[in-house]
Amino acid sequence: MASGSEDFNRWGPKHLSSVDWHNADHRRSVSACLVKGAYVLESDRQETRRGSECLSPPWWEAFHFKLVYQLIDGVDNSIFGAIFEYSPPAYTYHRSLDRSPQYVFAFRGTVKKERSFSRDLDLDLDVIRNGLHESCRFKTAMKAVQDVVSVVGSSSVWLTGHSLGAAIGMLAGKNMAKRGSFLEAYLFNPPFVSPPIERIVKDQKVRHGLRFAGTLIKAGLAFAAAAASESHNNSKGIEDSFAVISGWIPCLFVNPLDPICAEYIGYFEHRRKLEDMGAGKLARLTSQHSLGNITMNAVGLKGFENSEPLHLLPSANLTVNLNSTRELSKDHGLNQWWRPDLNLSCRVYKY
């Protein structure tokens, strides 16, 4: 097994000899590296169980972070995340002059090793059925975030994660925003639970037509659901929740050829097009609802959550990697986000 140092020297962002916290590319790269650290922690744990010697991985040490806490899943005892504290040399550090965090919560995604894969797969299914908030893993993460924020304040805490970990970070960020704490968030390849139209339909006009048809269907189902008082109260709650968290603008990083996250591009762009057409009210209504969720709610299907869909957001700073490879392992991979030669498209969408 390669040591953490060898792994970093081969794959890490060696071009970052120092970090400028005002630089968006630096903040993105360092956040992705801390998530890599969470992956390495779980990988090293499994190697240690096999009797292999694992050296301390420097994915965080290279940027003056230290590990202060490992987040453990109570079901399989896997390490699913970590809390890192920024501890630069005193003579180089002036918090009032930079945008650095004090603590960063980093959540890894699915790993394909031993028991962790089975547990991670169960949680991936929870994301699809909108039940992640009930999981032991999320509750552990949420409590840790609340505890740290209560001590140091929201301006000193960042959230970052990849894939499944991005879903955990997103849900934690949304919950904290509802409490009035807007945490800076860097979420890589976050899952969007919807057919990946952006990925599978090549023609832009056809994509727009499909999304517009879906918008009309969602609008009809939403209005029908609102006719019943119980459904109306639930719909009103989702609408209020969207308004409350609209000031939270997490940074999302997606690849247009990654079917797991690509639809975020269409989600925000379609809403913008509707607003440009003068259909802002329709755009705001339908962007709060998942077609799957309101359909299941309408038919009363049991076993699915009818609460606010995890993946839908009122606002976001969306960064798209245009250096697609057409290889899922790379287009969904974490390593792409700290390369120095990225061709990125960035846009802020506000509710």
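Quick look at the structure, then. Treat the numbers as computed from the prediction; the structure is a model and nothing was measured.

Side note on the overall build of the chain
Turning to step 1, where the next piece is worked out: The secondary structure content of the chain amounts to twelve helices and eight strands.
Turning to step 2, where the next piece is worked out: The 351 residues of the chain split such that 52% are buried.
Turning to step 3, where the next piece is worked out: Counting every atom, the chain has about 15,900 Å² of accessible surface; 54% of that belongs to carbon and sulfur.

Thoughts on the packing of helix H4 (residues 136-152) against helix H5 (residues 164-178)
Turning to step 1, where the next piece is worked out: Their axes nearest at 10 Å, the elements H4 and H5 cross at an angle of 50 degrees. Classified by the interaxial angle, the pair formed by H4 and H5 is oblique. The interaxial crossing formed by H4 with H5 has right-handed handedness. Contacts between H4 and H5 involve Arg137, Phe138, Ala141, Met142, Val145, Gln146 and Val149 on the former and, on the latter, Leu164, Ile168, Leu171, Ala172, Asn175 and Met176.
Turning to step 2, where the next piece is worked out: The residue inventory of the contact of H4 with H5, partitioned by class, reads ten nonpolar, two polar and one charged.

Details of the packing of aromatic side chains
The relative placement of two aromatic rings is captured by the distance of their centres and the angle of their planes.
Turning to step 1, where the next piece is worked out: Taken as a whole and assessed by the stated rule, the structure comprises 19 aromatic pairs.
Turning to step 2, where the next piece is worked out: Ring centres 5.5 Å apart and planes at 80 degrees place the aromatic pair Trp21 and Trp158 in the edge-to-face group. One end of the pair, Trp21, is in the loop between helix H1 (4-11) and helix H2 (24-49); the other, Trp158, is in strand E4 (residues 157-162), with 137 residues separating them in the sequence.
Turning to step 3, where the next piece is worked out: On the accessibility criterion, Trp21 (3% relative accessible area) is buried.
Turning to step 4, where the next piece is worked out: Relative to Tyr264, the ring of Phe192 has its centre 4.7 Å away and its plane inclined at 80 degrees; by these criteria the two rings are edge-to-face. Here Phe192, found in the loop between strand E5 (184-188) and helix H6 (197-200), pairs with Tyr264, found in helix H9 (residues 263-276); they are 72 residues apart in sequence, far enough to count as distant.
Turning to step 5, where the next piece is worked out: Residue class for Phe192 comes out buried when judged on its relative accessible area of 9%.
Turning to step 6, where the next piece is worked out: Judged by its relative accessible area of 0%, Tyr264 is buried.
Turning to step 7, where the next piece is worked out: An aromatic cluster of three or more residues is present, and its members are Trp21, Phe65, Tyr86, Trp158, Tyr186, Phe188, Phe253 and Trp337.

The rules behind these values
- Residues numbered from 1 in each chain as written.
- Predicted model: local features only at pLDDT ≥ 70, side-chain atom pairs only at ≥ 80, totals over all residues.
- Heavy atoms only, no water.
- Helix = DSSP H or I, 4+ residues; strand = E, 2+ residues; numbered from the N terminus.
- Buried < 20%, exposed > 50% of the residue type's maximum accessible area, 1.4 Å probe, protein only.
- Areas by Shrake-Rupley, 256 points an atom, 1.4 Å probe, with all protein chains shown as cover.
- Axes fitted to C-alpha atoms, helices over the stretch in contact; angles between N-to-C directions.
- Parallel < 35°, antiparallel > 145°, perpendicular 65-115°, else oblique.
- Left-handed = near helix turned anticlockwise from the far one by under 90°.
- Contact = heavy atoms within 4.5 Å.
- Nonpolar A, V, L, I, M, F, W, Y, C, P; charged D, E, K, R; others polar.
- Phe/Tyr/Trp six-rings, centres within 6.5 Å; stacked < 30°, edge-to-face > 60°.

None of this, on its own, says anything about what the molecule does.
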